[in-house]
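# Observations on the three-dimensional arrangement
For reference, the chains in residue letters:
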Amino acid sequence: MGFTDTRFNVNLSILFTELPLLERPAAARAAGFTAVELWWPWVDAPTPERAELDALRDALRDAGTQLTGLNFYAGQLPGPDRGALSVPGVESEKFRANVPVAIEFASSLGCTTFNALYGNRVEGVDAAEQDALALENLVFAARAVAEVDGTLLIEALNAPESPACPIVSAPKAIEVVDAVNAASGLDNARFLMDLYHLSMNGEDLEEVIDRYTAKTAHVQIADNPGRGAPGTGSLDFVALLGRLKKNGYDGFVGLEYKPGDAPSASSFAWLPAPLRAAQ
């Protein structure tokens, strides 16, 4: 049996979305999972009302689920946006305003891992200007995350689905990770290795794992093609996750896949119930 050495969490922003946000932690727990992650839940509010934050905090605690990862504000996600931190003007300002709010919320739940999505290229704005802004904002976030002894994640997306995003390969994401660590002097930026995105890019997943596991602090999975559950596509997750383990990765593996037309709870047949709770 595979996956016996893997700690899984469920992304509640793509799974269980047939339910209201506050009901998703309990649904994940009922399906056997004890660890969850989230994109920033309030796409129009980088600084939501405290009552909304408190309600989600209570839902996670009441369900007995541990929050293990949170995205910073990233614009309309899901939707046309792929992040905010490299977008000049209002979106960049929203990102910076969100950073302390997200850190306070997550750290109150014991979560200190934060994903900072880079954002799309903006027509009429010089790419170098966007990259300079991105580095400034990422260093700002890295310093804020350091206050809770946390980790800042840089994720590579895929070019077919995110053609305006410049971070669409593992080497490019690693380049950004290294630049942030050099500029901040903190060494708390790490790679988020999403095997679905990298597969969509046509990258050699075994080579990526061998080269970059040491700089990886989180892994996400979905099968390809289709971004469905493991077993619905062609990726060999037993081998890939085993290779990660062999290379020293012992962090969480986030389930960030589309459940299909059936309720999300029915999409976990590939993973025996005893292996769902985080160890």
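For the structure itself, consult the block above.
Residues numbered from 1 in each chain as written. Predicted model: local features only at pLDDT ≥ 70, side-chain atom pairs only at ≥ 80, totals over all residues. Heavy atoms only, no water.

### Examining helix H2 (residues 50-63)
Inclusion rule: For the purposes of this entry, the term helix denotes a DSSP run of H or I that reaches at least four residues, the term strand denotes a run of E that reaches at least two, and both are numbered from the N terminus. To estimate the expected span of a helix, subtract one from its residue number and multiply by 1.5 Å. Burial classification: accessible surface area is computed with a 1.4 Å probe over protein chains only, and a residue below 20% of its type maximum counts as buried, one above 50% as exposed, and the rest as partly exposed. Throughout, the arc means that of the directions going from the helix axis to the C-beta atoms.
With 14 residues, H2 extends 20 Å between its outermost C-alpha atoms, agreeing within 8% with the 20 Å of an ideal straight helix rising 1.5 Å per residue. Of the positions making up H2, those classed as buried are Leu-53, Leu-56, Arg-57, Ala-59, Leu-60 and Ala-63. Buried residues along H2 cover an arc of 160° about the axis, so they all sit on one side. Among the exposed residues of H2, those oriented more than 90 degrees off its buried face are Arg-50, Ala-51 and Asp-62. Count one or two residues on from H2 and you reach Gly-64, which has phi positive near 75°.

### A look at the sheet that holds strand E2 (residues 35-38)
Picture the strands of a sheet paired through backbone hydrogen bonds; they go either parallel or antiparallel. Condition: Strand pairing is defined by DSSP finding a minimum of two bridges between the two strands. Only the stretch in contact is used when a helix axis is fitted, and all axes are lines through C-alpha atoms; the angle between N-to-C directions ranges over 0 to 180 degrees. The contact definition used throughout considers only heavy atoms, calling two residues in contact when any of these lie within 4.5 Å.
Here 8 strands make up a closed barrel; going around it, the order is E1-E2-E3-E4-E5-E6-E7-E8 and the pairing parallel. Each adjacent strand pair in this sheet contributes to an overall mean axis angle of 30°, direction not counted. Where strand E4 (residues 113-115) and strand E5 (residues 151-155) come together, 3 bridges link them in parallel fashion. From the neighbouring strand, Thr-113 faces E5, where its bridge partner is Thr-151. Helix-sheet contacts for helix H3 (residues 90-107) involve strand E3 (66-71) and E4, and the interaxial angle to E3 is about 170°. Lying on the sheet, helix H8 (residues 237-246) is in contact with strand E1 (7-11), strand E6 (189-194), strand E7 (216-221) and strand E8 (252-255); it crosses E7 at an angle near 175°.

### Digging into the nonpolar core
To keep things clear, this is the line we draw: Residues belong to one nonpolar core when they are buried, are Ala, Val, Leu, Ile, Met, Phe, Trp, Tyr or Cys, and are joined through side-chain atoms within 4.5 Å.
Formed by 85 residues in total, the largest nonpolar core has its most connected members in Phe-8, Phe-72, Phe-191, Met-193 and Leu-255. Ranked by residue count, the leading element in this core is H3, at 7 residues.

### Things to note about the pairing of E6
Counting buried residues along E6, 5 of its 6 residues qualify, which places the element largely inside the surrounding structure. With 4 bridges joining them, E5 and E6 adopt parallel strand pairing. Bridging from a neighbouring strand, Leu-152 pairs with Ala-189 of E6. With 4 bridges joining them, E6 and E7 adopt parallel strand pairing. For Leu-192, the partnering residue across the bridge sits in E7 and is His-218.

### A short note on the packing of aromatic side chains
Put simply, the rule reads: In summary, the pairing rule links any two rings of Phe, Tyr or Trp, Trp by its six-membered ring, whose centres are within 6.5 Å, and it sorts them by plane angle into stacked for under 30 degrees, edge-to-face for over 60 and tilted for everything else. Two conditions define a charge located above a ring, namely a distance within 6 Å from the ring centre to NZ of Lys or CZ of Arg, and an angle within 35 degrees of the ring normal.
By the definition in use, this model includes 11 aromatic pairs. Ring plane angle 70° and centroid distance 5.8 Å describe the contact between Phe-3 and Phe-8, whose orientation is recorded as edge-to-face. Using a relative accessible area of 14% as the deciding quantity, one classes Phe-3 as buried. By relative accessible area, which is 0% here, Phe-8 ends up buried. Residues Phe-72 and Phe-114 carry aromatic rings whose centres are separated by 5.2 Å and whose planes lie at 10° to one another, so their mutual orientation is stacked. Of this pair, Phe-72 sits in the loop between E3 and H3 while Phe-114 sits in strand E4, placing them 42 residues apart in sequence. With respect to class, Phe-72 is no different from Phe-114; both count as buried. One aromatic cluster is present, formed by Phe-3, Phe-8, Phe-16, Phe-33, Tyr-257, Phe-268 and Trp-270 through successive ring pairs. Sitting over the face of the ring of Phe-252, Arg-7 holds its NZ or CZ atom 4.2 Å from the ring centroid. Directly above the aromatic system of Phe-140 lies the positively charged group of Arg-96, at a separation of 4.0 Å from the ring centroid.

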